[in-house]
Amino acid sequence: MLGPIPAWRGRPIFIIRRGDEAMSVLNENLDRLSDPNSEDPEQPEYAANETRSIRPEILVLVGLCPHLFCSPTPHIAVVPE
């Protein structure tokens, strides 16, 4: 753990449940993605799909800036479901 943020290999990770609105706009800006069809072998086979996940509503992010590798400060509220 990095404080209240879970870590994987020493890097902060964020696990997000995508709502209906996020799922409905998922494929609207494919031109912004470097690999929109998951053709590069960067992810496992089970994630080579439009949601890049096993469960479409779950999004797992490594929270590092690609420029300076700093960690973003999340402005989220953690609430029980």
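No experiment lies behind these values; they were computed from the predicted model shown.

Q: Lay out the side chain of T51 with the relevant residues and their values.
A: Relative to the elements of secondary structure, T51 occurs in the loop between helix 1 (20-24) and strand 3 (58-62). Assessed through its relative accessible area of 9%, T51 is described here as buried. At a separation of 3.1 Å, a polar atom in the side chain of T51 contacts the side chain of S53. When residues no more than four places from it in sequence are discounted, the contact partners of T51 are R18, M23, L26 and P56.

Q: Go over the side chain of R18, please, and point to the residues and values.
A: Looking at the element boundaries, R18 is found in the loop between strand 2 (11-17) and helix 1. E57 provides the closest opposite charge to the buried, unpaired R18, separated from it by 7.5 Å. Reaching out from R18, the side chain makes a polar contact with the backbone oxygen of T51 at a distance of 3.0 Å. At 3.0 Å, the side chain of R18 and the backbone oxygen of P56 are in polar contact. The contact partners of R18, leaving out residues within four places of it in the chain, are M23, L26, T51, S53, P56, E57, I58 and L59.

Q: Break down the sheet that holds strand 1 (residues 7-8) for me, citing the residues and quoting the values.
A: What the 3 strands build is an open sheet, ordered 1-2-3; its pairing is antiparallel. The two strands at the open ends of the sheet, each matched to only one other strand, are strand 1 and strand 3. As defined by bridge partners, strand 1 adjoins strand 2 across 2 bridges and the pair is classed as antiparallel. Counterpart to W8 in the pairing with strand 2 is R11.

Q: Now, about unusual backbone geometry: what can you tell me, with residues and values included?
A: Phi is positive for R52, close to 50°, though the residue is something other than glycine. Relative to the helices and strands, R52 resides in the loop between helix 1 and strand 3. Relative accessible area serves as the criterion here: at 30%, R52 is assigned to the partly exposed category.

Thresholds applied
Residues numbered from 1 in each chain as written. Predicted model: local features only at pLDDT ≥ 70, side-chain atom pairs only at ≥ 80, totals over all residues. Heavy atoms only, no water. Helix = DSSP H or I, 4+ residues; strand = E, 2+ residues; numbered from the N terminus. Buried < 20%, exposed > 50% of the residue type's maximum accessible area, 1.4 Å probe, protein only. Polar contact = N/O pair within 3.5 Å; in protein donor to acceptor, adjacent residues only side chain to side chain. Contact = heavy atoms within 4.5 Å. Lys, Arg positive; Asp, Glu negative; His and termini not counted. Salt bridge = Lys/Arg side-chain N within 4 Å of Asp/Glu carboxyl O. Pairing = 2+ DSSP bridges.

Just distances and angles here, no functional claims.
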